[in-house]
Amino acid sequence: MPNNNGRPEKRKRLEPSSSHSESESVASFAPLPPAVLLVSLPALLAQPPNHRFYLQSLTLSLSALRICLSMPALSPEIECRAWTGLAEIGMKVIGGGLSQNEEHMWAHGIEAEVEKAVSKGSIIAQKHPSLRAYMHHLALLQAQLSHWQQKSKFARTQIRKLLASFRPTDPPHVIYSAQLAYINLLTTPSPSLYATSVPGQVSFTPPSRSPQDIHAALNILEELETTSKKNEYKRVALLARVLRLRILVAASLWADVPTALKRAEEALGLSYEPKTTPKPHKVQFSTGAEGSTDSVEATFISFDSAFESAMVVHLLMMSVVYYTHIGDAPEASPRLSHLHSLLDSGALDKFPSGVVELPFDNGPPLIIEVTHPRVLFLLGFLVSATAKRDAVGRKPKRKVFASEGLTVWETEVKREISFSLWSGLGDIDEIEQRLARIKADLLCELIAVSTMRSEFDTAEKNIDILIAHTRTYNIFPRFAARIALHHAYLAHALGQSSRALQCYRVAAQVAESGSFVQHAARAGEAAMQIGLQHSRGDVDGGSCLDSQAGLRIAKICRGAGGILEAIGRVIEACLTTEILKAKQHLKQALAIATRAQDNHLRALILALIASHYFHTAGDHAREMLQTCEQLAAGLGAPATKGAPSNNGKGPKQEQPVAIGNAPLGLWIGERFLELYKRAGKESRVQKQMSVNAQLAKAVEDLARRARNPGEDSAS
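Residues numbered from 1 in each chain as written. Predicted model: local features only at pLDDT ≥ 70, side-chain atom pairs only at ≥ 80, totals over all residues. Heavy atoms only, no water.

If you look the protein chain up in an unreviewed UniProt entry, it shows as Cyclosome subunit 5 from Laetiporus sulphureus 93-53. Annotation of the protein chain in UniProt includes, under Sequence similarities (unreviewed entry), the sentence "Belongs to the SCC4/mau-2 family." (UniProt positions renumbered as here; feature names shortened; annotations may be inferred.)

Take a look at the structure:
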């Protein structure tokens, strides 16, 4: 019968009750022994580091473990668990900088407590074979503490002893976690970046610059890969190959990268054809802007597991960085398109906390901490902006990706970040710093492309934003050399020669020795001095370039590879006294710039080549000048085509010239004018004179702006 009294019907018992089932129910609610409850509390109280009660969870966990350890007659297992837990939580406190903070008096002295906990726990674990797993974990915590205490050699010795103590019966996740921890010690530049409380948790941190440490880490990786292949752990072997590539790229060991990259791609089953023309099918990396996607065949491999997704995203980003560095755009393009397709398909959602697992059939999984997906998402915009070198056109992708990346950054930085329970405050600081550096890098890309396109107001505005941003996040020293270099490029483009030379020298002085920025600054100074000597016959202020010094700079640039090699060849072409050698250098530089799709540099090289053929092969020179003219006009092309100046009414007026790079455009126009006069083409002469007049006005406006920096450019 239906129930009409408004109360829910009672659930009927389907099985008869028995005294046996009731006794089992009562037994299941029997109180836990106090020691078991206390040693289990830290796991129940655990919170991610961005939780509002994170500090309370740490203090309560420490108190529970201390009380537990003060109790008499503890079993060896409970006591070892308590000491290990105390060491783990203590390292969280240390890694978060709480023990060095005057506001957290409760954390002071935790270092000594962690040392005691590690020592006591290790003694108990050694006495009882069933607790052997604790001994391994405590050894890793001891090495971590030693590394934090600047005792790096001692920490490495401890890890080596641990590696030598393993038996064939030890579970694989313990062995691999120790090997990865050793690699982490060798490649981590500062103790503050090494924070872990879980066996096998490693971090993709920037390696140190000690060649000895890097080669030692690579040797350990080789052993790890060999062991994993022998035991048929394919995912561990894949991790070893990706880590090898990561170390080589971060250490700028570019000569070894191609082999490592090929092996990593083979492990993931990836292969690419160099992209030369757009394909009909499209995949999109959503940027919220039109024209910001790549055309590519949609035949990419998708990956279901979180581990493989994380590995392929890391691999693709590093491969794009490498091919962009060496100036190989056809190889970078399909990999960038694949990266976009993965980001659009939600690959980052598979590891939202930046943690992936490698399962084993005969033991617990190996837990790996990879770059956080929030960092990877924004890094996708930066890598895309860096890879797209072409600044010519109405909507150059380099500018689109940089602009959209900055817009997305403002949104993403406000969203709460997902952290794992064993993360610490150090992880929050590290991600905040990485995000801050990504924004600074995006601003650098936007400044560079704005300077190339003669959008000087935008460049100046973003330099100011970059300085303010780097000072706010305390990363100004890291970007000081690049900021000085951007000031030099801007002054160079505006014709402020004295300021440009000064900024080039500051950038070279502040930059890290042997870095890309230092080479670029010295090359920029040399190029400006060459230009001034050719235009004036001398340079004021003792800034003449010694030809031998210029050749040394060119040699350094050529040794750096990629675009720097092209710049080095341009400098050599300008300094050599042999026409044939100059033409050879320029031809090789043009091939490099063309393959890199750097049309800004390509326009300059074409102009220099045309000048060599101007008096001997006028037709050949004219063809190159035509291409150069198109590129110069495209360096600053408006976003939309302009309407006719008379709007279809009144007397017909001249269509304004697309200014672009005004000095280069005027130089090309003057060469065209001379060629037309030489050929007796009077109508073309008159038309070219009109074009040159507009370009000359733009150059004069530029010169006026250089003399009066506060005045807006009329062009």
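**Focus: the overall build of the protein chain**
What the protein chain contains, in helices and strands, is 27 helices and two strands. Look at the contacts in the protein chain between residues 6 or more apart in sequence, and 66% of them connect residues 24 or more apart. For the protein chain, the exposed area adds up to about 35,300 Å²; of that, 53% sits on carbon and sulfur atoms. (Helix = DSSP H or I, 4+ residues; strand = E, 2+ residues; numbered from the N terminus. Contact = heavy atoms within 4.5 Å. Areas by Shrake-Rupley, 256 points an atom, 1.4 Å probe, with all protein chains shown as cover.)

**A few points about unusual backbone geometry**
The backbone phi angle of glutamate 232 is positive, close to 60°, even though this residue is not glycine. Relative to the helices and strands, glutamate 232 is located in the loop between helix 9 (211-230) and helix 10 (234-250). Its identity as a non-glycine residue notwithstanding, serine 454 has a phi of 60°, on the positive side. For serine 454, the location among the structural elements is in the loop between helix 16 (425-452) and helix 17 (456-472).

**Some details on helix 4 (residues 76-95)**
Working note: α-helix, 3.6 residues per turn, so residues spaced by three or four point in the same direction. The terminal C-alpha atoms of helix 4, which comprises 20 residues, lie 28 Å apart, in line with the 28 Å expected from a rise of 1.5 Å per residue. By the criterion of burial, helix 4 is predominantly enclosed, with 14 of the 20 residues buried. Backbone geometry just downstream of helix 4 places glycine 97 in the positive-phi region, at approximately 75°. (Expected span 1.5 Å × (residues − 1). Buried < 20%, exposed > 50% of the residue type's maximum accessible area, 1.4 Å probe, protein only.)

**Considerations on the packing of helix 10 against helix 11 (residues 257-267)**
In the contact formed by helix 10 and helix 11, the axes pass within 9 Å of each other and the chain directions differ by 150°. As the angle between them shows, helix 10 and helix 11 are arranged roughly antiparallel. The handedness of the crossing between helix 10 and helix 11 is left-handed. Touching Leu238, Arg241, Arg244, Leu245, Leu248 and Val249 of helix 10 are Val257, Ala260, Leu261, Arg263, Ala264 and Ala267, all from helix 11. Here the residues of the contact of helix 10 with helix 11 sort into nine nonpolar, no polar and three charged. (Axes fitted to C-alpha atoms, helices over the stretch in contact; angles between N-to-C directions. Parallel < 35°, antiparallel > 145°, perpendicular 65-115°, else oblique. Left-handed = near helix turned anticlockwise from the far one by under 90°. Nonpolar A, V, L, I, M, F, W, Y, C, P; charged D, E, K, R; others polar.)

**What about the nonpolar core?**
Membership of the largest hydrophobic core comes to 104 residues, with the highest contact counts inside it found for Cys68, Val114 and Ile605. Per element, the largest residue contribution to this core is 14 residues, and it comes from helix 16. Other than its neighbours up to four places away in sequence, isoleucine 605 contacts Val570, Leu586, Ala589, Leu590 and Ala593. Core analysis: the next-biggest nonpolar cluster, separate from the first, contains 70 residues, Ile247, Tyr272, Val312 and Leu376 among them. (Core = buried A, V, L, I, M, F, W, Y, C linked by side-chain atoms within 4.5 Å.)

**Examining helix 19 (residues 497-510)**
Here helix 19 spans 20 Å end to end across 14 residues, near enough to the 20 Å set by a 1.5 Å rise per residue. Those residues of helix 19 not exposed but buried are Ser497, Ala500, Leu501, Cys503, Tyr504, Ala507 and Ala508. Down the axis of helix 19, the smallest arc covering the buried residues is 165°, so these residues share one side. Exposed residues lying more than 90 degrees from the buried face of helix 19 are Ser498, Gln502 and Gln509. (Arc of directions from axis to C-beta.)

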